[in-house]
Amino acid sequence: MNTKRFIPVAAPTLNGNERAYVLDCLDSTWISSNGKYVEQFERAFAEFCGVKHAAACCNGTVALHLALMALGVGPKDEVIVPTLTFVATANAVTYCGARPVFVDSEPETWNIDPEQIEAKITTRTKGIIVVHLYGHPVDMDPVMSIARRHNLFVIEDAAEAHGAEYKGRKVGSIGDIATFSFYGNKIITTGEGGMVVTNDDALASKVRQLKGQGMDPNKRYWFPIVGYNYRMTNVAAAIGLAQLERAEWHIERRREVAKWYYQALKDNPSLTLPVEREWAKNVYWMFTVVLNDNVRKSRDHIMQELAAEGIETRPVFYPLHTLPPYNRLSRGQRFPVASHLGARGINLPTWAGLKKADIEFICKVLKEFVRGSG
Ligand SMILES: *Cc1c(COP(=O)(O)O)cnc(C)c1O
């Protein structure tokens, strides 16, 4: 029994220059937030996204906070966010003293439903944060035209979607500003880390000032505003640069893992699988299945059965409108699509080092458990 394998839901793959670059930081003693790797990583990441500016910071949550502050979000403002996302998307709005206003998901991509955004706009609304959930891009054209019509900003929370494409354009290059996370389970990692990207010169310099204690860019040690220490270390950037050098490999590996999942699970009457819309390149941060109504077992029960077989999974995000800090904000509103996904969705193991045999094993076990529930 104890020879059973354990398949984690996520794991980083550090098979490029990570080790060499980190040792270079140690040998040179450039281990803090000055050093060549921060600049190199920023430049390479801007190029990767097809944008002018990239500013590294210490995590993806902070990247969102920086973007919101640079756009001037403050108390009494409202920001539209999807209810189905990681909690950080809404928390960053809360840090600014503003209020997140939730929108339900679109049933196919599970992303914010553009058709439901306009109904949530009020005189206090300042902008929209879209989230490219689990690696599938948001349908950006309708979002951008709503934003232009109502004079709202658009932030792309691309924490889960490095390298994903919308109509041939990289995510992060479409909205006014975008944020990425490099947490250990993301598509590209620095351990902990984040990035803010934009084509807007003024927003970029604001972000740079805010992340470095508010220091005047033209007068060292003069602080005209209250800023933050949200910097990334050179050691983290060294890992990030090495990861980014192999970005296409990381993305292709995930797309291959997804292909194996599709091969094994397609046409299963108990499961709804992710999509890749014709205008999208999905980078499959988490290959996610949703249990259909004909599965009588609970989602959590099936997750426990998988865990007993050594297969680690995660529940799809609990929609934010159900969480204690946020459930009063949307009282009386309904979010049927996100509620269904949140109750019935399972993130399956998805990472670059998985082998075809791992996926076949996971799918064999999963199919037995969903069938056994008749
Ligand atoms: C991971 C994630 C974040 C936060 O990133 P951290 O680096 O963990 O702070 C924000 N938004 C989404 C959608 C995420 O998945």
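Undergrad: Mind laying out the sheet that holds strand 7 (residues 169-170), listing which residues take part and the relevant values?
TA: Spatially, 7-6-11 is the arrangement adopted by the three strands of the open sheet, whose pairing is antiparallel. Single-partner strands in this sheet number two, and they are strand 7 and strand 11 (280-281). When strand 6 (residues 165-166) meets strand 7, the two strands line up antiparallel, connected through two bridges. Note that in strand 7 the partner of Tyr 166 across the bridge is Arg 169.

Undergrad: Tell me about the domain arrangement of the protein, residues and numbers included.
TA: Its domain assignment divides the protein into domain 1 (18-245) and domain 2 (247-371). Here the C-alpha centre of domain 2 lies 25 Å away from the C-alpha centre of domain 1. Taken together, the contact between domain 1 and domain 2 spans 45 residues of the former and 37 residues of the latter. Taken together, the two surfaces of domain 1 and domain 2 that pack against each other cover about 3,500 Å², and 66% of this comes from carbon and sulfur.

Undergrad: Would you mind going over unusual backbone geometry in detail, with residue names and values included?
TA: Positive phi values are uncommon outside glycine, yet Trp 110 reaches one of about 75°. By secondary structure assignment, the location of Trp 110 is in the loop between strand 3 (99-103) and strand 4 (125-131). The phi dihedral of Tyr 134 is positive, around 55°, even though this residue is not glycine. Assignment of secondary structure puts Tyr 134 in the loop between strand 4 and helix 5 (140-150). Overall, the relative accessible area of 4% leaves Tyr 134 in the buried class.

Undergrad: Let's hear about the site of the ligand: which residues, and what values?
TA: Close contacts around the ligand come from 14 residues, with Gly 60, Thr 61, Glu 160, Ser 181 and Lys 186 the closest. Between the ligand and Gly 60, the relevant distance is 2.7 Å, taken from an oxygen atom to a main-chain nitrogen or oxygen of the residue. Glu 160 has a polar side-chain atom sitting 2.5 Å from an oxygen atom of the ligand. For the ligand, whose free accessible area comes to 380 Å², the fraction covered by protein is 92%. Assessed atom by atom at 2 Å from the grid points, the ligand resides in the second largest pocket. When its residues are assigned to classes, the shell around the ligand shows four nonpolar, seven polar and three charged.

Undergrad: Please provide a residue-by-residue account of the nonpolar core, values included.
TA: Formed by 79 residues in total, the largest nonpolar core has its most connected members in Phe 41, Phe 45, Leu 66, Leu 68, Met 195 and Val 197. In terms of residue count, the dominant contributor to this core is helix 3 (residues 60-70) (eight residues). Inspection of this core shows a minimum of three residues originating in each of domain 1 (18-245) and domain 2 (247-371). Filtering out sequence-adjacent residues up to four positions away, Phe 41 remains in contact with Phe 182, Thr 190, Met 195, Met 232, Ala 237, Gly 240, Leu 241 and Leu 244. Residues Ala 258, Ile 302, Ile 346 and Phe 369 belong to the second largest nonpolar core, which totals 29 residues.

Definitions and limits used
- Residues numbered from 1 in each chain as written.
- Predicted model: local features only at pLDDT ≥ 70, side-chain atom pairs only at ≥ 80, totals over all residues.
- Heavy atoms only, no water.
- Pairing = 2+ DSSP bridges.
- Helix = DSSP H or I, 4+ residues; strand = E, 2+ residues; numbered from the N terminus.
- Domains from an automatic or database assignment.
- Contact = heavy atoms within 4.5 Å.
- Buried area = accessible area lost by both parts, 1.4 Å probe.
- Buried < 20%, exposed > 50% of the residue type's maximum accessible area, 1.4 Å probe, protein only.
- Near = heavy atom within 4 Å.
- Polar contact = N/O pair within 3.5 Å; in protein donor to acceptor, adjacent residues only side chain to side chain.
- Areas by Shrake-Rupley, 256 points an atom, 1.4 Å probe, with all protein chains shown as cover.
- 1 Å grid on protein atoms, 1.4 Å probe; cavity = no way out; pocket = protein on both sides within 12 Å on 5 of 7 lines; lining within 4 Å.
- Sits in = over half its atoms within 2 Å of the grid points.
- Nonpolar A, V, L, I, M, F, W, Y, C, P; charged D, E, K, R; others polar.
- Core = buried A, V, L, I, M, F, W, Y, C linked by side-chain atoms within 4.5 Å.

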